[in-house]
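Structural description and commentary
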Amino acid sequence: EPEVTQTPSHQVTQMGQEVILRCVPISNHLYFYWYRQILGQKVEFLVSFYNNEISEKSEIFDDQFSVERPDGSNFTLKIRSTKLEDSAMYFCASSSGTSPPDTQYFGPGTRLTVL
Amino acid sequence: GNSVTQMEGPVTLSEEAFLTINCTYTATGYPSLFWYVQYPGEGLQLLLKATKADDKGSNKGFEATYRKETTSFHLEKGSVQVSDSAVYFCALKAGSGAGSYQLTFGKGTKLSVIP
């Protein structure tokens, strides 16, 4: 069964450094998403992406964040200058966009630790 | 705005016990409702879904009924197994169509089943 994959599984970085989290969505899906979960808190929506542009973003997704689909398979989340409060599990998801309710399928997550 | 409230965990049950995890929501319009499950060390997996009032989603012995009058989507299973130990997330998506809609999650309920 097709699945969403994410790399790395765990990323440790110093405050102020740039990080890029990578995702490979399911191959025929058209909509891509990033969510995050700070330890002990809710899973929160960050951004959705369709047709090579952001379609929706939350207030969390400020100028420090960016997303890109650099080729036909990868979908990346970049954090330009990490802060301690960016430490969280980051989940990528994708959906086909063709059949309601258009279920989102999630990857295993990348645990980001900012020191 | 949209919100999901689910019962606080952790929940510890003996094998073959009956499980209920409560979930209530606030949303405008007619959302689609989901239960996701996260097994230890893995990503979020769709467990079941419902798109309109009185729909019952079911999978792997789990069931949940979309109750518009009580704005609820409680998860139930008649006889839990050790392998059901996981974190369960209730989520909603505003609208029942396809396309880019963010999911709003509850905080998650950790279930531990002991032999």
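In what follows, the structure referred to is the one given above.
Now for a description of the structure that goes with this document. All values derive from a computational prediction rather than experimental measurement.

Procedures and definitions
- Residues numbered from 1 in each chain as written.
- Chains lettered and ligands numbered in written order.
- Predicted model: local features only at pLDDT ≥ 70, side-chain atom pairs only at ≥ 80, totals over all residues.
- Heavy atoms only, no water.
- 1 Å grid on protein atoms, 1.4 Å probe; cavity = no way out; pocket = protein on both sides within 12 Å on 5 of 7 lines; lining within 4 Å.
- Points joined across faces, edges and corners; volume = space filled by probe spheres on them.
- Helix = DSSP H or I, 4+ residues; strand = E, 2+ residues; numbered from the N terminus.
- Nonpolar A, V, L, I, M, F, W, Y, C, P; charged D, E, K, R; others polar.
- Core = buried A, V, L, I, M, F, W, Y, C linked by side-chain atoms within 4.5 Å.
- Buried < 20%, exposed > 50% of the residue type's maximum accessible area, 1.4 Å probe, protein only.
- Contact = heavy atoms within 4.5 Å.
- Salt bridge = Lys/Arg side-chain N within 4 Å of Asp/Glu carboxyl O.
- Disulfide = S-S within 2.5 Å.
- Pairing = 2+ DSSP bridges.

Let's shift gears to the layout of surface pockets. Approximately 430 Å³ is the volume found for the largest pocket. Looking at the largest pocket, it is lined by 20 residues, and the ones nearest its centre are Glu1, Glu3 and Phe106 of chain A together with Leu44 and Gln45 of chain B. Secondary structure elements with two or more residues in the lining of the largest pocket: strand E10 (105-106) of chain A together with strand E5 (32-38) and strand E6 (44-50) of chain B. The leading source of residues in the lining of the largest pocket is E6 of chain B, at four residues. Class assignment for the residues of the lining of the largest pocket results in 11 nonpolar, five polar and four charged. Considering only enclosed or pocket space, the second largest pocket measures out at about 370 Å³ in volume. For the lining of the second largest pocket, the secondary structure elements donating two or more residues are strand E9 (88-95) of chain A together with strand E10 (86-93) and strand E12 (109-114) of chain B. Residues belonging to the lining of the second largest pocket are distributed by class as follows: eight nonpolar, eight polar and four charged.

It is worth spelling out the nonpolar core at this point. Grouped together as the largest cluster of nonpolar side chains are 26 residues, with contacts concentrated most on Trp35, Leu47, Leu48, Phe73, Leu75 and Tyr88 of chain B. Elements with a contribution of two residues or more to this core: strand E2 (11-14), strand E3 (19-21), strand E4 (23-26), E5, E6, strand E8 (62-65), E10 and E12 of chain B. No other element matches the four residues that E10 of chain B contributes to this core. Discounting residues that sit within four places of it in the chain, Phe73 of chain B has contacts with Cys23, Leu33, Phe34, Trp35, Leu48, Lys49, Ala50, Ala64, Thr65, Tyr66 and Cys90 of chain B. Judged by nonpolar contacts, the second largest core, of 23 residues, contains Cys23, Ile38, Ala88 and Tyr90 of chain A.

Applying the stated criterion across every chain, the model contains four salt bridges over all chains. The partner of Arg36 of chain A in a salt bridge is Glu44 of chain A, with the nearest N and O atoms 3.4 Å apart. According to the relative accessible area criterion, Glu44 of chain A is partly exposed, its value standing at 24%. For the salt bridge of Glu63 of chain B with Lys56 of chain B, the shortest nitrogen-to-oxygen distance reads 3.6 Å. Looking at Glu63 of chain B, the relative accessible area reads 32%, which means it is partly exposed.

This next bit is on the state of the cysteines. Disulfides are covalent bonds that connect the sulfur atoms of two cysteines. Residues and elements named next belong to chain A. Under the definition given, this model contains two disulfides over all chains. Covalently, Cys23 is tied to Cys92 through a disulfide, its sulfur atoms 1.9 Å apart. Between Cys23 and Cys92, the S-S torsion sits near -65 degrees, and that sign places the bridge as left-handed. Of this pair, Cys23 sits in strand E3 (residues 19-24) while Cys92 sits in strand E9; the two residues are 69 residues apart in sequence, bridging distant segments of the chain.

Residues and elements named next belong to chain B. Summarising burial for E5: seven of the seven residues are buried, a large majority. Along E5, one buried face is formed by Ser32, Phe34, Tyr36 and Gln38 and the opposite face, lined by Leu33, Trp35 and Val37, is buried too. Pairing analysis gives seven bridges linking E5 to E10, with the strands arranged antiparallel. From the neighbouring strand, Leu33 faces E10, where its bridge partner is Leu92. Inspection of the sheet shows E5 paired to E6 by six bridges, in the antiparallel sense. For Val37, the partnering residue across the bridge sits in E6 and is Gln45. In textbook terms, the turn of a hairpin is the stretch between consecutive antiparallel strands, and for E5 and E6 this stretch comprises five residues, one of which, Gly41, has a positive phi near 75 degrees.

Any functional reading would require information beyond the geometric quantities listed.
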